[in-house]
Amino acid sequence: KNPTMAAKEFIVLGWELHVWAFIIAGVFAALACLVSFYLIYKHLRNYTQPYLQRHIIRILLMVPIYAVDSYLSLFFHHYSLYFDVIRDCYEAYVLYEFFTLLVAFIDMSDIEDKREQSVVNNLSPEQKAELDAAQQELEKRSSQRLSKHLRPPPEETPLLDVEAPSLNRRPSQPGYDLSPGTAAAYVTEPVADEGTAAARARVIEVLEAKPRSGHPFPTCCFPTFQPGRGFLRWTQRCILQFVVIKPIMAIISVILEPLGYYDDGNFSPKRGYLYVTIINNVSITISMYFLVLFYHVTKEDLAKFKPLLKFLCIKAVIFLAFWQGVLLAVLAYYEVLKPTRQWTTKNVPFHRDK
């Protein structure tokens with residue numbers, strides 16, 4: 001192929017196409033890092049729920065790690081495999097962190113439900129009657145507004161006029177009781193981190209209270225099971241295996257590549273890429289399935305935290321990025337992707353996720 005013709009073919013506004021790729025990738029990588037660090041900064045400035053926020057911050061760090069790895073791999077594509085070791089290790093860690101965040105959500109929900117029940121039980125019969133009447137009035141007004149398709153103004157929200165414990169006073173008002181067990185403490189007191197063992201025990205209690213559960217589509221034909229201690233243990237194991245296998249496969253790839261036995265993108269049985277890809281695929285599928293199964297069982301407990309979009313983001317980054325890489329490697333292997341003056345089909349597997 002004529003190099004001059006190739007250069008002219010891939011020049012846009014005076015710059016070659018790969019230069020535009022560097023610029024566009026750099027801009028979006030910088031934006032991704034700025035947004036992520038801003039969110040992390042906001043969490044640290046308002047670090048009121050460390051029991052939950054520490055997991056969220058660790059998950060948010062995945063975005064800048066991916067962005068920096070991708071941008072460095074574009075410039076130094078011959079070393080992309082080595083950059084990806086750090087990314088792969090953190091990717092596996094983030095998946096387990098997300099599972100831990102779901103467990104923390106369930107634990108916090110259980111604590112709040114018990115605390116709310118404790119507050120209600122401590123009310124006098126007159127206060128309980130007044131609370132029930134206020135809730136019924138609130139439900140009635142909400143139903144009337146919905147029927148009229150009106151949005152309720154904030155000033156019309158009824159306040160509960162309960163003297164002790166106070167449910168509607170502010171900290172600056174006299175008689176505001178912050179002692180444990182009061183309604184005020186329920187509203188303002190953050191959930192304490194009582195340790196992994198205590199949190200695990202509460203989550204097991206929540207799971208054991210549930211009826212037998214089936215599997216989500218398309219594995220709904222699998223036999224039903226009883227959620228409980230065994231289900232939580234197997235879920236942890238099946239997610240943790242990806243945390244172990246993914247870094248091991250990344251290290252094996254780094255070892256085999258200089259020896260000439262890896263050959264990224266080559267599906268030949270004589271090369272290590274095929275076997276590493278199969279093992280990674282099986283591992284990530286098992287891990288993702290048990291994460292979906294755990295969400296399927298606990299979705300009612302997690303509903304107030306709205307974790308579905310968070311889960312889809314994690315799944316898209318990890319699962320879809322993996323299959324995107326496999327697809328591009330297949331297209332390069334069968335020469336569907338044509339070489340250019342700057343990039344060859346051999347380069348594609350090295351930065352297929354970028």
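A. Representation of the overall build of the chain. Secondary structure summary: the chain contains eleven helices and two strands in total. In the chain, the succession of helices and strands from N to C terminus is α-β-β-α-α-α-α-α-α-α-α-α-α. Expressed as a percentage of its 354 residues, the buried residues of the chain come to 39%. Pairs at least 24 apart in sequence give 68% of the contacts found in the chain among residues at least 6 apart.

B. Inspection of a nonpolar patch on the surface at higher detail. On the surface, a nonpolar cluster with roughly 570 Å² of combined accessible area is contributed by Ile 23, Ile 24, Val 27, Phe 28, Leu 31 and Leu 34. Examined against the element boundaries, Phe 28 turns out to sit in helix H2 (residues 17–45). We classify Phe 28 as exposed; its relative accessible area is 56%.

C. The arrangement of the nonpolar core in detail. Counting residues in each nonpolar core, the largest one holds 42 residues, and the members touching the most others are Leu 95, Leu 291, Phe 294 and Ile 314. Of all elements in the fold, only helix H3 (50–60), helix H4 (62–75), helix H5 (80–121), helix H8 (196–208), helix H9 (229–259), helix H10 (272–302) and helix H11 (308–333) reach the threshold of two or more residues within this core. Considering each element in turn, this core owes the most residues, 13 residues, to H5. Counting residues in hydrophobic clusters, the runner-up holds six residues, among them Met 249, Tyr 262, Val 276 and Ala 329.

D. Here's a closer look at H2. For H2, built from 29 residues, the straight-helix expectation of 42 Å at 1.5 Å per residue is met to within 8% by its first-to-last C-alpha distance of 42 Å. Here H2 has its buried residues at His 18, Phe 22, Gly 26, Ala 29, Cys 33, Ser 36 and Ile 40.

E. Local environment of the packing of aromatic side chains. Evaluated as defined, the whole model comprises twelve aromatic pairs. Geometrically, the ring pair formed by Phe 22 and Phe 75 is stacked, given 4.4 Å between the ring centres and 15° between the ring planes. Taken as a pair, Phe 22 in helix H2 and Phe 75 in helix H4 lie far apart in primary sequence, 53 residues in all. Between Phe 231 and Phe 294, the ring centres sit 6.2 Å apart and the planes meet at 15°, which makes this aromatic pair stacked. Note that Phe 231 is positioned in helix H9 and Phe 294 in helix H10, a separation of 63 residues in sequence.

F. Main features of the pattern of salt bridges. For the structure on display, the rule yields eight salt bridges. Among the salt bridges present, the one from Arg 87 reaches Asp 84, with a minimum N-O distance of 3.9 Å. Pair noted here: Arg 87 and Asp 84 are both in helix H5, with a separation of three residues, about one helical turn. When sorted by exposure, Arg 87 lands in the same class as Asp 84, which is buried. A salt bridge links Lys 210 to Asp 301; its shortest N-O distance comes to 2.5 Å. In this pair, Lys 210 is assigned in the loop between H8 and H9 and Asp 301 in helix H10, connecting sequence segments 91 residues apart. Each member of the pair Lys 210 and Asp 301 is classed as buried. If you follow the salt bridges from partner to partner, you end up with Asp 69, Asp 84, Arg 87 and Asp 88 in one network.

G. Spotlight on the confidence of the model for the chain. On average, the chain scores 75 in pLDDT, and the residues at 70 or more come to 68%. Mean pLDDT across the secondary structure elements of the chain bottoms out at helix H7 (residues 183–188), with 40, and peaks at H9, with 92. Counting contacts from residues 149–192, a segment whose pLDDT is below 50, to residues more than four positions away or on other chains yields 62 contacts. For residues 349–354, every residue scores under 50 in pLDDT, and the model assigns this stretch 30 contacts once sequence neighbours within four places are set aside.

H. Layout of the packing of H2 against H3. Relative to each other, H2 and H3 sit at 165°, their axes nearing to 10 Å. Between H2 and H3, the angle falls in the class roughly antiparallel. Every pair of crossing elements has a handedness; the one defined by H2 and H3 is left-handed. Facing Ser 36, Leu 39, Ile 40, His 43 and Leu 44 of H2, the residues of H3 in contact are Gln 53, Ile 56, Ile 57 and Leu 60. Taken together, the residues of the contact of H2 with H3 sort by class into six nonpolar, three polar and no charged.

I. Seen up close, the packing of H3 against H4. For the pair H3 and H4, the least separation of the axes is 4 Å and the interaxial angle reads 10°. Overall, the two elements H3 and H4 adopt an arrangement that is roughly parallel. On the side of H3, the interface is formed by Arg 58, Ile 59 and Leu 60, while H4 contributes Met 62, Val 63 and Pro 64. Residue classes in the contact of H3 with H4 are distributed as five nonpolar, no polar and one charged.

J. Region of interest: H9. The first and last C-alpha atoms of H9 sit 46 Å apart over 31 residues, in line with the 45 Å expected at 1.5 Å per residue. Positioned one or two residues after H9, Gly 260 has a phi angle of 85°, which is positive.

K. Structural view of the side chain of Ser 287. With respect to the helices, strands and loops of the structure, Ser 287 is situated in helix H10. Take Ser 287: its relative accessible area is 0%, and that puts it in the buried class. Sequence-distant contacts of Ser 287, that is, excluding residues within four places in its chain, are made with Leu 95, Cys 238, Ile 239, Gln 241 and Phe 242.

About the thresholds
Residues numbered from 1 in each chain as written. Predicted model: local features only at pLDDT ≥ 70, side-chain atom pairs only at ≥ 80, totals over all residues. Heavy atoms only, no water. Helix = DSSP H or I, 4+ residues; strand = E, 2+ residues; numbered from the N terminus. Buried < 20%, exposed > 50% of the residue type's maximum accessible area, 1.4 Å probe, protein only. Contact = heavy atoms within 4.5 Å. Patch = residues over 30% accessible without salt bridge, like charges linked within 9 Å, V, L, I, M, F, W, Y side chains within 5 Å. Areas by Shrake-Rupley, 256 points an atom, 1.4 Å probe, with all protein chains shown as cover. Salt bridge = Lys/Arg side-chain N within 4 Å of Asp/Glu carboxyl O. Core = buried A, V, L, I, M, F, W, Y, C linked by side-chain atoms within 4.5 Å. Expected span 1.5 Å × (residues − 1). Phe/Tyr/Trp six-rings, centres within 6.5 Å; stacked < 30°, edge-to-face > 60°. pLDDT = per-residue confidence, 0-100. Axes fitted to C-alpha atoms, helices over the stretch in contact; angles between N-to-C directions. Parallel < 35°, antiparallel > 145°, perpendicular 65-115°, else oblique. Left-handed = near helix turned anticlockwise from the far one by under 90°. Nonpolar A, V, L, I, M, F, W, Y, C, P; charged D, E, K, R; others polar.

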